[in-house]
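Residues per chain, in single letters:
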Amino acid sequence: MIVARRCRTLLDGHHRYNALHTLGADFAPCVEIDYDNPAEVEVMAWRENEVVTPEMVRDAAARGEMMPPKTSRHRLKFSVPAIRVSLNVLFCGASAGPGCAGHRSEMVKP
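Let me begin by describing the structure that accompanies this report. Quick caveat: nothing in here was measured; it's all calculated off a predicted structure. Every residue gets a number counted from 1 within its own chain, in the order that chain's sequence is written. Owing to the predicted nature of the model, reporting of local features is limited to residues with pLDDT of at least 70; listing and counting of side-chain atom pairs is limited to 80 or more, with chain, interface and lining totals taken over all residues. Side-chain numbers here rest on the full set of heavy atoms in the structure, without hydrogens or water.

1. As for the pattern of salt bridges
Salt bridge, as used here: a side-chain nitrogen of Lys or Arg that lies within 4 Å of a carboxyl oxygen of Asp or Glu. Here the structure, examined in full by the defined rule, presents 8 salt bridges. The closest approach of N and O atoms between Arg5 and Glu32, which form a salt bridge, is 3.7 Å. Highlighted residues: Arg5 in the loop between β1 (2-4) and β2 (10-12) and Glu32 in strand β3 (residues 28-33), separated in sequence by 27 residues. Under the relative-accessibility criterion, Arg5 is labelled partly exposed at 32%. Two residues, Arg58 and Glu55, come together in a salt bridge whose shortest N-O distance is 3.6 Å. Of this pair, Arg58 and Glu55 both sit in helix α2 (residues 54-62), 3 residues apart, which is roughly one turn of the helix. Here the term buried applies to any residue with accessible area under 20% of the maximum for its type, exposed to any over 50%, and partly exposed to those in between, with areas from a 1.4 Å probe on protein chains only. Its relative accessible area of 45% is what places Glu55 among the partly exposed residues. A cluster of three or more residues bridged by salt bridges with shared partners is formed by Arg6, Asp36, Glu55 and Arg58. Only DSSP runs of H or I with at least four residues qualify as helices, and only runs of E with at least two residues qualify as strands; both kinds are numbered from the N terminus onward.

Below you can see the structure in the form of structure tokens.
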């Protein structure tokens, strides 16, 4: 899952998040990014002739609304690190492992 560091918005991994939430997980592994740094992420629309900006995504999240599926596309400018976490950790409240490659990995509550 990819989460915007400053505003804590879930940008990618909604299906994983919902599955872990449904299963009763205490935590979900994620990678945080600096959503305002174009060197880390490019935000665009999936459909031609549409415009999507980071501000639009943040505003929808702040209102508690999800944008329609396949509205925003996030192209990461780095390789997403593998986060290997035992299921026991996800379901027992233990803390996350170390961060990776300059991008903090951590656990969030589903």
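So that's the structure; there's more coming.
2. Considerations on the layout of surface pockets
A cavity, in this analysis, means grid points on a 1 Å lattice covering only the protein atoms where a 1.4 Å probe fits yet has no way out; a pocket is instead an open set bounded by protein on both sides within 12 Å along at least five of seven lines, and a residue lines either one if it has an atom within 4 Å of a point. Grid points are joined across faces, edges and corners, and a volume is the space filled by probe spheres set on the points. By volume, the largest pocket is sized at about 930 Å³. Taken together, 30 residues form the lining of the largest pocket, with Leu10, Leu11, Asp12, His14 and Met66 sitting closest to its centre. Looking at the lining of the largest pocket, the elements with two or more residues in it are β1, β2, α1 (14-23), α2 and β5 (72-76). Throughout this entry, Asp, Glu, Lys and Arg are counted as charged residues, while Ala, Val, Leu, Ile, Met, Phe, Trp, Tyr, Cys and Pro are counted as nonpolar. The remaining residues, Gly among them, count as polar. Tallied by class, residues from the lining of the largest pocket come to 15 nonpolar, 9 polar and 6 charged. Counted as a void, the second largest pocket has a volume near 160 Å³. Lining of the second largest pocket is provided by Met1, Ile2, Arg16, Leu20, Pro29, Val31, Val80, Pro81, Ala82 and Ile83. If you list the elements that add at least two residues to the lining of the second largest pocket, you get α1 and β3. Of the residues assigned to the lining of the second largest pocket, the class counts are 9 nonpolar, no polar and 1 charged.

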